[in-house]
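Working through the structure, step by step
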Amino acid sequence: LLYQGNPESAEGLMYSKFKTYDELPELKIRKAYVDTADTGQDKLCAITYGIPLAKSDDHIYIIDVLYTSEPMEITEPLTVKFLNDNRVNTAKVESNNGGRGFARIVAKEVNTNVQWFHQSNNKEARIFSNSASVNNRVVMPNDWFLRWPAFYSDVIKYKKLFKANKFDDAPDALTGILEE
């Protein structure tokens, strides 16, 4: 497969090409999934997504992504702005790695129902077992490779051999959305 002029073998990749949209359908609700990053190699991955109003459409439409390796003192205000700008109704924040405190701080500053939860299931198993459903149901904006190049790269280059991946934050958050 050729990804934007970047030749790379599709062998061993977790995901095939994602469906894309030009215009969002009418949405029933806007939600966000936030996987915080405290320290180290992790990235904060916050994804705003929409559930369509049409009952016949079971796709999940990605609206916006915040993907950064900045520390929490920077990502907290960025997340507040992200949730407010995207008019999110409900945000789920993973409470692992300091996420509970992060969620409490963000909740005070947003017009959003913020819920935190602890993710105790095995990340590799979750990503692997949900990958086909993520690929089938998640729909990206047609220019997602331009809007969020690091997120795009970490998703489309994600390999089934987990130790071959530098980052798993984007696939983990996409999996979390599907598990909702």
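Above this note sits the structure.
What this report covers is the structure whose coordinates are included nearby. Values in this document were obtained by computation on a predicted structure and should not be read as measured data.

Sheets are built from strands that pair by backbone hydrogen bonding, the pairs being arranged parallel or antiparallel. Reading across the sheet, the 7 strands line up as E3-E9-E6-E5-E4-E7-E8 and stay open at both edges, with mixed pairing between neighbours. This sheet does not close on itself; its edge strands, each paired only once, are strand E3 (19-21) and strand E8 (113-117). With direction set aside, neighbouring strand axes in the sheet form an average angle of 30°. Bridge count for strand E4 (residues 27-35) against strand E7 (residues 90-94) is 5 bridges, and the pairing is parallel.

On to the pairing of E4, then. Relative to strand E5 (residues 44-52), E4 is paired through 8 bridges, and the arrangement is antiparallel. Residue pairing across strands places Ala-32 opposite Thr-48, the latter belonging to E5.

What follows deals with the nonpolar core. Phe-18, Ile-47, Ile-62, Trp-144, Phe-151 and Leu-174 are the most contacted members of the largest nonpolar core, which totals 30 residues. Every element with two or more residues in this core is listed here: E5, strand E6 (60-68), helix H3 (123-137), strand E9 (138-141), helix H5 (149-156) and helix H6 (169-179). Among the elements that line this core, the one with the most residues is H6, at 5 residues. Apart from the residues lying within four places of it in its own chain, the contact partners of Leu-174 are Phe-18, Ile-47, Ile-62, Val-134, Val-138, Met-140, Phe-151 and Val-155.

Scanning the entire structure with this criterion turns up 9 salt bridges. A salt bridge links Lys-123 to Asp-172; its shortest N-O distance comes to 3.9 Å. Here the residue Lys-123 occupies a position in helix H3, and Asp-172 occupies one in helix H6, the gap between them amounting to 49 residues. Classification of Lys-123 as partly exposed rests on a relative accessible area of 28%. Members of the salt-bridge network, linked through shared partners, are Lys-123, Arg-126, Asp-168, Asp-172 and Glu-179.

About the thresholds
Counting restarts for each chain: residues are numbered from 1 in the order of the written sequence. Side-chain atom pairs in this predicted model are given and counted only at pLDDT of 80 or more, local residue features only at pLDDT of at least 70, and totals for whole chains, interfaces and linings cover all residues. Each side-chain value is derived from all of the structure's non-hydrogen atoms; neither hydrogens nor water enter the calculation. Two strands are counted as paired when DSSP detects at least two bridges linking them. Each helix corresponds to a stretch of at least 4 residues labelled H or I by DSSP, and each strand to a stretch of at least 2 residues labelled E; elements are numbered beginning at the N terminus. Angles run from 0 to 180 degrees between N-to-C directions of axes, and those axes are lines fitted to C-alpha atoms, restricted for helices to the stretch in contact. We define a nonpolar core as any set of buried Ala, Val, Leu, Ile, Met, Phe, Trp, Tyr and Cys residues linked to one another through side-chain atoms lying within 4.5 Å. Accessibility here uses a 1.4 Å probe with only protein chains present; expressed as a share of the type maximum, an area under 20% marks a residue as buried, one over 50% as exposed, and anything in between as partly exposed. By definition in these notes, contact holds between two residues if any of their heavy atoms fall within 4.5 Å. Here a salt bridge means any side-chain nitrogen of Lys or Arg lying within 4 Å of a carboxyl oxygen belonging to Asp or Glu.

Remember, this is a structural readout, not a statement about activity or role.
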